Amino acid sequence: FLGAGVVVCVSAMRGVLFALVVALPASCSAASGECVFGGDVGYSLLERNPSSQHGAAAHAAAWFGLTDLVWLQASGGAAQMLARGDSEARTVGEASVGLVLALDVFRAIPYLEASAGALFYAEDLDPYARIGVGVDYFVTRSLSVGAVARLRFVPRPLGDRWTTLAARVAYRFDEASLLVK
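A few points on the structure. The model shown is predicted, which means the values in this text are computed figures rather than measured ones.

**Thoughts on the side chain of His-59**
Checked against the element boundaries, His-59 lands in strand β2 (residues 51-65). Owing to a relative accessible area of 8%, His-59 belongs among the buried residues under this scheme. A distance of 3.5 Å separates polar atoms of two side chains, one belonging to His-59 and the other to Ser-75. Residues in contact with His-59, not counting those within four places in the same chain, are Gly-38, Gly-39, Asp-40, Ser-75, Gly-76, Gly-77, Glu-94, Arg-130 and Arg-150.

**A look at the pairing of strand β5 (residues 108-120)**
Note that strand β4 (residues 90-102) and β5 share 10 bridges and pair antiparallel. Pairing of Val-100 across the sheet is with Glu-113, part of β5. Across 13 bridges, β5 lies against strand β6 (residues 125-138) in antiparallel orientation. When the bridges of β6 are listed, Gly-117 appears paired with Tyr-128.

**Overview of the packing of aromatic side chains**
Applying the stated criterion across every chain yields a total of four aromatic pairs. Relative to Phe-173, the ring of Phe-37 lies with its centre 5.5 Å away and its plane at 35°, an arrangement referred to as tilted. Remark: Phe-173 occurs in strand β8 (residues 161-174) and Phe-37 occurs in strand β1 (residues 34-48); sequence separation between them is 136 residues. Look at Trp-63 and Tyr-111: their rings are 4.9 Å apart centre to centre, the planes differ by 75°, and that puts the pair in the edge-to-face class. Of this pair, Trp-63 sits in strand β2 while Tyr-111 sits in strand β5, and the two are 48 residues apart along the sequence. Cluster of aromatic residues (ring-pair linked, three or more members): Phe-37, Tyr-171 and Phe-173. Lying over the aromatic face of Trp-162, Arg-152 brings its terminal NZ or CZ to 4.2 Å of the ring centre. A cation over an aromatic ring shows up here: Arg-168 above the ring of Trp-63, its NZ or CZ 4.7 Å from the ring centre.

Quick notes on the rules
- Residues numbered from 1 in each chain as written.
- Predicted model: local features only at pLDDT ≥ 70, side-chain atom pairs only at ≥ 80, totals over all residues.
- Heavy atoms only, no water.
- Helix = DSSP H or I, 4+ residues; strand = E, 2+ residues; numbered from the N terminus.
- Buried < 20%, exposed > 50% of the residue type's maximum accessible area, 1.4 Å probe, protein only.
- Polar contact = N/O pair within 3.5 Å; in protein donor to acceptor, adjacent residues only side chain to side chain.
- Contact = heavy atoms within 4.5 Å.
- Pairing = 2+ DSSP bridges.
- Phe/Tyr/Trp six-rings, centres within 6.5 Å; stacked < 30°, edge-to-face > 60°.
- Lys NZ or Arg CZ within 6 Å of the ring centre and 35° of its normal.

Structural data, given as structure tokens:
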């Protein structure tokens, strides 16, 4: 079930990215030294063999442009999972650091994320790896809206996975605007 969902999600993201690239004539570009603060909310699926739980998630991230393509990322988030069958309602949290590859394309910026960090369950604290794909669309030179899909892997014998699909809002500014004069 999850494999088919991921294929559909990736196919839909490709279609959206293609439509944005073809349809938008204006250009905005990222730069080294640029900062991005963003947040997203959306759907969450936690798979802990042999069961799975659905819920709602919220996430916040800060990016710092190392080059026009590579960004350093620090992020954190949480999800409230609903009770299902024998599984009780639970809160899951995360904190991670990693890299983002942002590919400027006109008013849309598709990006790939890769990070590692800690996943906080009510009873556990586990290391994890996360991959993500998203797109931000510039509403203004500083404000963007977008969508992001993330998949987290927990190295356990049973192999837990946590997936989120979310709508995103981000604000961009350069590092010079952070300096107090």
